[in-house]
Amino acid sequence: MISSVRGEILSIGLDHVVIEVGGVGFAVQATPATLATLRRGEEAMLHTALVVREDSLTLFGFADADARGLFGLLQTVSGIGPRLALATLAVLDPDKLRSALVEGNITVLTQVPGIGRKGAERLTLELRDKVTALAGPTDGSPVVTAPGVLRGEVVEALAGLGFPAKQAEVAVDKVLGEGDGHTTSSVLRAALATLGRKR
């Protein structure tokens, strides 16, 4: 997967930007808010998600890894494809979207074109617990994106290995609380060691 692109901005369209990387121009779909921060001729770096379809390869770009994480999470819900996920992030910034999902705020979610009441209810039902795994601190301090996304990835991996979600969250939080400079693999190893001792 292409997880980021960095290079000179060749052109900016209504819904995409073309970034030159190693002599190749990549068309990257992005929200209006992200596109507004870019300038033609300047260098930029975008976090990206590559969506593969039978008839296309599409890159979606985001200003930070938090937005990219939510983009991927939204698509785990039935009926939400990449276009609708991007539209959701165009209407609601990551913090507002996360709050709406956690609080079950249907009114806010139905502001997104293409999401009706039933779709909004399904989003809150399926993502309420998952979205908190992507969240950073909730005490008003700045959201540190990387650890939040890292936490979500490792908890998901542990759940995939058969550990209860709550147990996995406790183990990951313990590891993340013991210092900085973590990588996904190092946190996963340490959390597995913690959970192994409990068994």
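Residues numbered from 1 in each chain as written. Predicted model: local features only at pLDDT ≥ 70, side-chain atom pairs only at ≥ 80, totals over all residues. Heavy atoms only, no water.

(A) Geometry of the overall build of the chain. Assigned secondary structure in the chain consists of 9 helices and 5 strands. Secondary structure elements in the chain, listed N-terminal to C-terminal, are β-β-β-α-β-β-α-α-α-α-α-α-α-α. Sorting the 199 residues of the chain into buried and exposed places 39% on the buried side. A sequence separation of at least 24 residues applies to 48% of the contacts in the chain between residues at least 6 apart. Surface exposure of the chain reaches about 10,800 Å², of which carbon and sulfur atoms provide 54%. (Helix = DSSP H or I, 4+ residues; strand = E, 2+ residues; numbered from the N terminus. Buried < 20%, exposed > 50% of the residue type's maximum accessible area, 1.4 Å probe, protein only. Contact = heavy atoms within 4.5 Å. Areas by Shrake-Rupley, 256 points an atom, 1.4 Å probe, with all protein chains shown as cover.)

(B) Here's a closer look at the environment of P94. Following the sequence through the fold, P94 ends up in helix α4 (residues 94-103). With a relative accessible area of 19%, P94 lands in the buried category. Along the sequence, P94 and A67 sit 27 residues apart, while their C-alpha atoms lie 5.9 Å from each other. Apart from the residues within four sequence positions on either side, P94 is in contact with D66, A67 and L70.

(C) Up close: the packing of aromatic side chains. Under the counting rule described, the total for this entry stands at 2 aromatic pairs. Relative to F71, the ring of F62 has its centre 4.9 Å away and its plane inclined at 50°; by these criteria the two rings are tilted. Comparing F62 with F71, the two get one shared label, buried. Ring pairing ties together the aromatic residues F60, F62 and F71, which thus form one cluster. (Phe/Tyr/Trp six-rings, centres within 6.5 Å; stacked < 30°, edge-to-face > 60°.)

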